[in-house]
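Letter by letter, the chains look like this.
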Amino acid sequence: MTSLSTHPDLKTRLMVGMEIHVELSTRSKMWTSAPNVAHPDHFEAAPNTLLDPVVLGMPGTLPVMNKQALEMSILVGLALGCQIARHSKWDRKSYYYPDLPKNYQLSQYDEPICGQGELTFPVGDGPDAPKKTVRITRAHLEEDAGKLLHEAPGGGAIDYSIVDLNRAGTPLLEIVTEPDFATADEAVMFGRTLRNICRFLGVSEGIMQQGHMRFEPNINVEIEHEDKTYKTPIVEIKNLNSFKAVHGAIQYEHRRQVQEWLDTGRVMGRGEKATRGWDDNKQVTILQREKEDAHDYRYFPDPDLVPVVIDEPWLARIREHLPELPLQREQRYVRELGLKAVDARTLVSERDVCQLFEATLAAGVEGRRAAALLLNYGAKLANERGCLISDLGVTATQLKAIDALSGAEKISSNGAASLFALCCDHPGEDADKLAEAHGLLQVSDEGALDDWVAQAIDAEPKAADDVRNGKRAAMGRLVGAGVKLRSSDIEADARSCERRDALRCASRRNYVSLGRWVPRSLGPSVPSSKLRLLLPVDFR
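Enquirer: Is there a simple way to think about the environment of Glu236 in this case?
Expert: The topology assignment puts Glu236 in strand E13 (residues 235-237). Using a relative accessible area of 2% as the deciding quantity, one classes Glu236 as buried.

See below:
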């Protein structure tokens with residue numbers, strides 16, 4: 001029990017269960033060969049173009065089950081540790097809504113394809129974040145409804161609704177949990193984990209803005225007052241398609257329900273459930289309707305569809321397609337590759353980034369170096385460009401070349417960053433040739449270095465005299481002159497003690513190690529980084 005800041009005298013316990021709707025990315029819809037809007041090939045389909053007589057519920061049409069959708073659902077159930085039903089059936093859920101042409105939805109009522117399971121996930125982003133296990137009640141397969149638009153295209157106000165039936169008939173897996181969430185943070189982390197699992201399984205693209213995953217938290221509150229416990233009525237918040245909305249709606253509803261109980265004394269009972277929507281602009285929930293009970297939907301077995309029987313050989317074939325899941329990958333990266341826990345979690349947090357990392361490993365790059373390439377150079381550039389690392393365009397082959405050039409000290413750290421960006425802009429091109437064409441390769445020819453140094457001393461004779469006379473600050477002018485004579489980076493890691501020792505020994509050897517921070521004003525080829533410049537200087 002916790003105390004709300006608004007009512008410190010009351011002890012409350014938030015209880016949240018989740019219903020998560022996952023649109024499966026099959027090529028065709030659940031009951032017909034009409035194209036599926038949740039498949040990448042049809043993301044940009046014009047409204048009301050992915051239809052056929054079955055979707056429209058025309059008289060005389062008969063549904064045919066999409067086998068791939070069923071197998072995808074079972075795959076999710078296996079990933080969640082669910083009991084897979086050997087026998088399940090299809091039911092008609094009857095209700096009228098403008099975006100439901102048949103006036104009923106084909107769903108599963110009392111014999112879902114997936115039974116009880118559980119999902120364990122970290123609550124927080126840190127490596128030592130505590131783990132929580134949430135019980136899965138069931139997961140059943142059904143069809144999605146269409147979509148109602150209450151604004152004109154472009155956001156203009158209208159006094160009517162627009163119906164787009166492209167989504168109608170899309171395979172929809174509904175995952176239901178027990179009310180095991182005690183905070184909004186737990187619900188959000190569960191949602192992120194589930195989304196990632198579905199993307200790794202390849203059953204959904206999980207693009208929230210397109211409705212591929214929609215969350216409906218069922219919320220109520222236990223209140224302790226004067227040695228008695230009261231439970232507020234359950235409220236279901238409909239169709240949340242962002243984690244920010246999930247978090248905000250749960251927190252708001254917690255406060256609202258406590259205040260409503262104080263005002264009215266309403267507690268849980270028959271007919272007390274309600275459905276509310278979330279207003280993102282006002283950050284409040286809005287009553288939509290009193291929630292129906294199951295009997296209001298008049299469920300009955302669909303007479304046009306035969307039950308589904310899953311035998312052991314079929315289940316075994318589906319199980320063979322179960323990949324390594326994100327949490328197991330994260331643990332393996334730490335255990336076998338020696339990655340930091342935070343880096344491992346970052347790599348598995350997005351399927352496509354993780355696949356690029358795996359491809360880089362397969363290309364022959366050592367694990368920690370592959371992670372550094374993506375999380376150092378890649379993460380910075382992806383943040384600047386507002387995309388995922390995997391969307392930058394760089395390939396695993398190019399990453400291997402960057403790593404090889406760095407390992408051979410043919411390119412500096414700054415040069416590697418510049419080459420990474422060039423590879424992103426020229427995906428698939430030879431990284432070695434890009435480095436050479438843009439002057440990023442380091443010159444190790446001491447004769448060439450001697451030439452630059454001699455020219456730098458000739459260009460800055462006073463600075464050379466000052467160095468001979470012990471004025472350490474003058475080294476910067478010599479370094480600057482040397483840098484200007486180079487067309488590529490000069491690697492640098494000289495420390496202050498090295499500079500001091502070099503000056504002290506200048507009369508006994510023919511070079512001095514000079515290092516300093518070079519300002520960006522020296523030019524784009526010399527980023528603000530520590531440089532090492534070996535300058536042969538005759539101090540005798």
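Picking up after the structure, the text goes on.
Enquirer: Help me out: how do you make sense of a negative patch on the surface in this one?
Expert: A cluster of acidic residues, Glu429, Asp430, Asp432 and Glu436, forms a negative patch at the surface. Inspection of the secondary structure puts Asp430 in the loop between helix H10 (413-425) and helix H11 (431-437). Using a relative accessible area of 38% as the deciding quantity, one classes Asp430 as partly exposed.

Enquirer: For this particular structure, what's the right way to read the packing of helix H8 (residues 367-385) against H10?
Expert: To describe two helices that pack against each other, one gives the angle between their axes and the distance between the axes. Interhelical geometry of H8 versus H10 gives an angle of 55 degrees and a closest axis separation of 10 Å. With respect to each other, H8 and H10 are oriented oblique. Every pair of crossing elements has a handedness; the one defined by H8 and H10 is right-handed. Between H8 and H10, the residues in contact are Leu373, Tyr377, Gly378, Leu381 and Arg385 and Ser413, Ala416, Ala417, Phe420, Ala421, Cys424 and Asp425, respectively.

Enquirer: Looking at this structure, I do not really get the nonpolar core. What am I missing?
Expert: Nonpolar side chains in soluble globular proteins tend to be buried together. Counting residues in hydrophobic clusters, the biggest one holds 70 residues, and the most contacted among them are Ile20, Ile74, Ile175, Phe190 and Phe215. Once you skip the residues sitting within four places of it in the chain, Ile20 turns out to touch Leu173, Glu174, Ile175, Thr177, Phe190, Leu194, Met213, Arg214 and Phe215. Within the second largest apolar cluster, 38 residues are counted, among which are Leu356, Ala401, Leu419 and Leu434.

Enquirer: What's the story with the side chain of Thr32 in this structure? I'm lost.
Expert: Relative to the assigned elements, Thr32 resides in the loop between strand E2 (7-23) and helix H1 (67-79). Judged by relative accessible area, Thr32 falls into the buried class, the value being 13%. Those residues in contact with Thr32 that lie beyond four places of it in its chain are Asp52, Val54, Val55 and Val64.

Enquirer: Would you take a moment to explain the sheet that holds strand E16 (residues 300-301) for this structure?
Expert: Spatially, the three strands line up as an open sheet ordered E5-E4-E16, and their pairing is antiparallel. Strand pairing shows two members of the sheet lacking a second neighbour, strand E5 (104-107) and E16, which therefore form its edges. As paired elements, strand E4 (residues 91-94) and E5 share four bridges and run antiparallel to each other. Bridge pairing in E5 places Arg92 opposite Leu106.

Enquirer: Quick question: what am I supposed to make of the side chain of Asn36 here?
Expert: Relative to the helices and strands, Asn36 resides in the loop between E2 and H1. Overall, Asn36 belongs to the buried group, its relative accessible area being 0%. Among the polar contacts listed, one links the side chain of Asn36 to the backbone oxygen of Thr26, at a separation of 2.9 Å. A polar atom in the side chain of Asn36 sits 3.0 Å from the backbone nitrogen of Ala38. Among all residues touching Asn36, those that are not within four sequence positions of it are Leu24, Ser25, Thr26, Arg27, Ser28, Lys29, His42, Leu50, Thr170 and Pro171.

Enquirer: Looking at this model, I keep getting lost on the pattern of salt bridges. Mind explaining?
Expert: When their charged atoms lie close together, side chains carrying opposite charge are able to pair. For the coordinates displayed, the defined rule picks out 39 salt bridges. Across the pair Glu358 and Arg329 runs a salt bridge whose closest N-O atoms are separated by 3.1 Å. Of the two residues, Glu358 is situated in helix H7 (residues 351-362) and Arg329 in helix H5 (residues 326-337); the sequence distance between them amounts to 29 residues. Judged by relative accessible area, which is 22%, Glu358 ranks as partly exposed. It is possible to trace a salt-bridge network through shared partners that takes in Arg195, Arg199, Glu205, Glu350, Arg351 and Asp352.

Enquirer: So what exactly am I meant to see when it comes to the state of the cysteines here?
Expert: What is meant by a disulfide is a covalent connection between two cysteines, made through their sulfur atoms. In this structure the tally under the stated criterion is zero disulfides. Unpaired in terms of disulfides, Cys82 finds its nearest cysteine sulfur in Cys114, a separation of 5.2 Å.

Enquirer: What is the right way to read unusual backbone geometry from this model?
Expert: Among all residues except glycine, the phi angle is most often negative; among peptide bonds, the trans geometry is most common. Of note, the phi angle at Gln283 is positive, near 60 degrees, even though the residue is not glycine. Residues other than glycine seldom take positive phi values, yet Arg298 does so here, at roughly 55 degrees. Within the element layout of this structure, Arg298 appears in the loop between strand E15 (284-290) and E16. By relative accessible area, Arg298 is classed as exposed at 54%.

Enquirer: Would you take a moment to explain H8 for this structure?
Expert: In an α-helix, one turn spans 3.6 residues; hence positions three or four apart end up facing the same way. With 19 residues, H8 extends 25 Å from end C-alpha to end C-alpha; this agrees with the ideal 27 Å at 1.5 Å per step. Approximately 40 degrees is the largest bend angle found in H8, and it occurs at Gly378. Burial in H8 covers these residues: Gly367, Ala370, Ala371, Leu373, Leu374, Leu375, Gly378, Leu381 and Ala382. Sitting at the head of H8, Glu366 places a side-chain oxygen 3.1 Å from the backbone nitrogen of Arg368. The positive-phi residue at the C-terminal boundary of H8 is Gly386, with phi of around 65 degrees.

Enquirer: I keep staring at helix H9 (residues 396-407) and nothing clicks. Help me out?
Expert: Here H9 is twelve residues long and its end C-alpha atoms lie 16 Å apart, about the 16 Å a rise of 1.5 Å per residue gives. The set of residues buried in H9 consists of Ala396, Gln398, Leu399, Ala401, Ile402, Asp403 and Leu405. Tucked inside the fold, the buried residues of H9 contact H7, H8, H10 and H11. Just past H9, the residue Glu409 takes up positive phi, approximately 60 degrees.

Enquirer: Explain the packing of aromatic side chains to me, please; I cannot follow it from the model alone.
Expert: What characterises a pair of aromatic rings is the spacing of the ring centres plus the angle enclosed by the ring planes. Per the stated rule, a full pass over the model turns up eleven aromatic pairs. Here the aromatic rings of Tyr109 and Tyr299 are separated by 4.2 Å at their centres, their planes lie at 10 degrees, and the arrangement is stacked. With Tyr109 in the loop between E5 and strand E6 (117-122) and Tyr299 in the loop between E15 and E16, this pair connects stretches of sequence that are 190 residues apart. On the basis of relative accessible area, Tyr299 is assigned to the partly exposed category, the value being 24%. Ring centres of Tyr230 and Trp261 lie 5.0 Å apart, and the angle between their planes is 45 degrees; this geometry places the pair in the tilted category. Taken together, the residues span a long stretch of sequence, with Tyr230 in strand E12 (residues 228-231) and Trp261 in helix H3 (residues 243-264) at a distance of 31 residues. You can call Tyr230 partly exposed: its relative accessible area is 26%. Here the aromatic cluster, defined as three or more aromatic residues joined through ring pairs, consists of Tyr95, Tyr109, Tyr297 and Tyr299. Above the ring of Tyr297, the side-chain terminus of Lys93 is found at 4.5 Å from the ring centroid. One Lys or Arg, Lys102, reaches over the ring of Tyr104 and ends 5.5 Å from the middle of that ring.

Calculation criteria
Residues numbered from 1 in each chain as written. Predicted model: local features only at pLDDT ≥ 70, side-chain atom pairs only at ≥ 80, totals over all residues. Heavy atoms only, no water. Helix = DSSP H or I, 4+ residues; strand = E, 2+ residues; numbered from the N terminus. Buried < 20%, exposed > 50% of the residue type's maximum accessible area, 1.4 Å probe, protein only. Patch = residues over 30% accessible without salt bridge, like charges linked within 9 Å, V, L, I, M, F, W, Y side chains within 5 Å. Areas by Shrake-Rupley, 256 points an atom, 1.4 Å probe, with all protein chains shown as cover. Salt bridge = Lys/Arg side-chain N within 4 Å of Asp/Glu carboxyl O. Lys, Arg positive; Asp, Glu negative; His and termini not counted. Charge placed at Lys NZ, Arg CZ, Asp CG, Glu CD. Axes fitted to C-alpha atoms, helices over the stretch in contact; angles between N-to-C directions. Parallel < 35°, antiparallel > 145°, perpendicular 65-115°, else oblique. Left-handed = near helix turned anticlockwise from the far one by under 90°. Contact = heavy atoms within 4.5 Å. Core = buried A, V, L, I, M, F, W, Y, C linked by side-chain atoms within 4.5 Å. Pairing = 2+ DSSP bridges. Polar contact = N/O pair within 3.5 Å; in protein donor to acceptor, adjacent residues only side chain to side chain. Disulfide = S-S within 2.5 Å. Expected span 1.5 Å × (residues − 1). Bend = angle between axes of the 7 residues up to and from the residue. Phe/Tyr/Trp six-rings, centres within 6.5 Å; stacked < 30°, edge-to-face > 60°. Lys NZ or Arg CZ within 6 Å of the ring centre and 35° of its normal.

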